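# Descriptive analysis of the structure
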Amino acid sequence: MYLYITVAVVTILLASFVTGKEQLHTAGTAGAEGRQLMGGAKHPLSREQCFSMLCLAAVFLILFGLSALRQNVGNDYAKYVEFMHRLYTDAYIDDPGVPTEWGFNLLCRVVYGLSGYENHLLVFAIYSFVTVAFFLSAMYEQSVEFPFSFFMFMTLGYYFQSFSTVRYYLALGIALYSMKYVLRGQWGRFLLLVVAGAAFHKSIWVIVPLYFLASRSWKKWQVILATAFCSHFLFFQNFYMKLVVRLYPTYEGTEFLEGNGISYINVLRCLAVLALTAVCYQKVAQDRNCMFYFYLNLGALILYLFCYFIPVVSRIGYYLTVSQILFVPALLGYLEKPVMKKLFRFLAIGACILYFMLYLRRAHQDGVLVLPYKCFLFQDMVDILSDVS
């Protein structure tokens, strides 16, 4: 736990010296620095820019290193090692019921083949590199305040949870990065990213209709009508549960279909973000980016309320609520009164820290298992199912 707290504090401090591209653009930066980062004339980097990039590189290396050096850390780490073993020994037969996509399977086969042995550590290191790169790139290019976005990224558990559901968080990082193409109307590039992400986790396909809908300009009556339409999910629960089994056949008869997928903390987060939006809605309504984030969070709330019975609804919801790490800094920037700005900033920081503490308290439990941290330099891999069967 203390290691994770130290890493979070150190990287957040380093991130406080990083100035993102969107941050410069929003500030209306003129001169050499602004033109350099916004695609204008080429100029030598200033000392401030060099230091900013150095801090960003340090943040990346720390996060990548901690993730890549882990051994048997994460709820499904051993399961993935088992899948890789079966792929390498051809005991893994491709059929509609397998739990991993072709991109994961191909990556494992290539890495194991080139290594000449079952090098699962390199596979996880590649995942760590790409996942961290996508998240940092998304925040650096799109956030109006990179330090605060990164603070939320760390304290809301996105980074540490990537130790557990590696395929899903790779797709989530791609989804966050792809938002810039939605906002630019570059749908071809957006779809290419989705196809790439679907090679590792097919759930990313849901962002195609959801992000498209969130990018539209909605009238109030249309929002009310759409919300009323979504209420029909409550009356056709059996149908949609069967649809989930069709999409995820390996979930049938497992604990994944037990209970419901609602997260009350995520619901509270959506409500808090929407309440903050209401405080400065006049300015938000004039910002296309913020309206996109607003509809994503409104959609997530509707999803949690009307589709709570679907066990995988949280995974779908995260594709929408991950926008909060871009949206909240923008909302705080729109608050005009200094007292109100300080108050809401203090509340946001306090809420994130509280969430982080609660996350660490359950980080050793089944379903998370990112604690205790184990490094392959000092600990050996436990026996997988194939070793004991």
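## Concerning the pattern of salt bridges
All told, the structure shown has 4 salt bridges when counted by the stated rule. A salt bridge links Glu141 to Lys180; its shortest N-O distance comes to 2.4 Å. One end of the pair, Glu141, is in helix α7 (residues 120–142); the other, Lys180, is in helix α10 (residues 166–184), and 39 residues separate them in sequence. With a relative accessible area of 22%, Glu141 lands in the partly exposed category.

## Side note on the side chain of Thr131
Among the structural elements, Thr131 can be located in helix α7. Thr131 gets classed as buried once you look at its relative accessible area, which sits at 7%.

## Observations concerning the nonpolar core
Ranked by size, the top nonpolar core spans 119 residues in total, and within it Phe150 and Tyr211 carry the most contacts. Those residues in contact with Tyr211, other than ones at most four positions away along the chain, are Ala175, Ser178, Met179, Val182, Trp187, Phe190, Phe292, Leu296, Tyr319 and Leu320.

## Thoughts on the environment of Glu141
Sequence separation between Glu141 and Thr19 is 122 residues; the distance between their C-alpha atoms is 9.8 Å. If we skip the residues at most four places from it in the chain, Glu141 touches Lys21, Glu22, Tyr177 and Lys180. Within the structure, the side chain of Glu141 is placed 2.4 Å from the side chain of Lys180, a separation counted as a polar contact.

## Looking at unusual backbone geometry
Omega for the peptide link from Leu371 to Pro372 comes to 0 degrees, which places this bond in the cis form. By the secondary structure assignment, Pro372 is in the loop between α20 (338–361) and α21 (385–388). Positive phi, close to 55 degrees, is recorded for Leu369, a residue that is not glycine. Position of Leu369 among the secondary structure elements: in the loop between α20 and α21. Judged by its relative accessible area of 27%, Leu369 falls in the partly exposed class.

## Some points on helix α11 (residues 187–198)
Counted at 1.5 Å a residue, the expected span for α11 with its 12 residues is 16 Å, and the 16 Å between its end C-alpha atoms agrees. For α11, every residue scored as buried is listed here: Phe190, Leu193, Val194, Gly197 and Ala198. Summarising the axial view, the buried residues of α11 lie within an arc of 135 degrees, below the 170-degree limit, and thus occupy one face. Of the surrounding secondary structure, the elements contacted by the buried residues of α11 are α7, α10 and α12 (207–214).

Thresholds, definitions, all that
Residues numbered from 1 in each chain as written. Predicted model: local features only at pLDDT ≥ 70, side-chain atom pairs only at ≥ 80, totals over all residues. Heavy atoms only, no water. Salt bridge = Lys/Arg side-chain N within 4 Å of Asp/Glu carboxyl O. Helix = DSSP H or I, 4+ residues; strand = E, 2+ residues; numbered from the N terminus. Buried < 20%, exposed > 50% of the residue type's maximum accessible area, 1.4 Å probe, protein only. Core = buried A, V, L, I, M, F, W, Y, C linked by side-chain atoms within 4.5 Å. Contact = heavy atoms within 4.5 Å. Polar contact = N/O pair within 3.5 Å; in protein donor to acceptor, adjacent residues only side chain to side chain. Expected span 1.5 Å × (residues − 1). Arc of directions from axis to C-beta.

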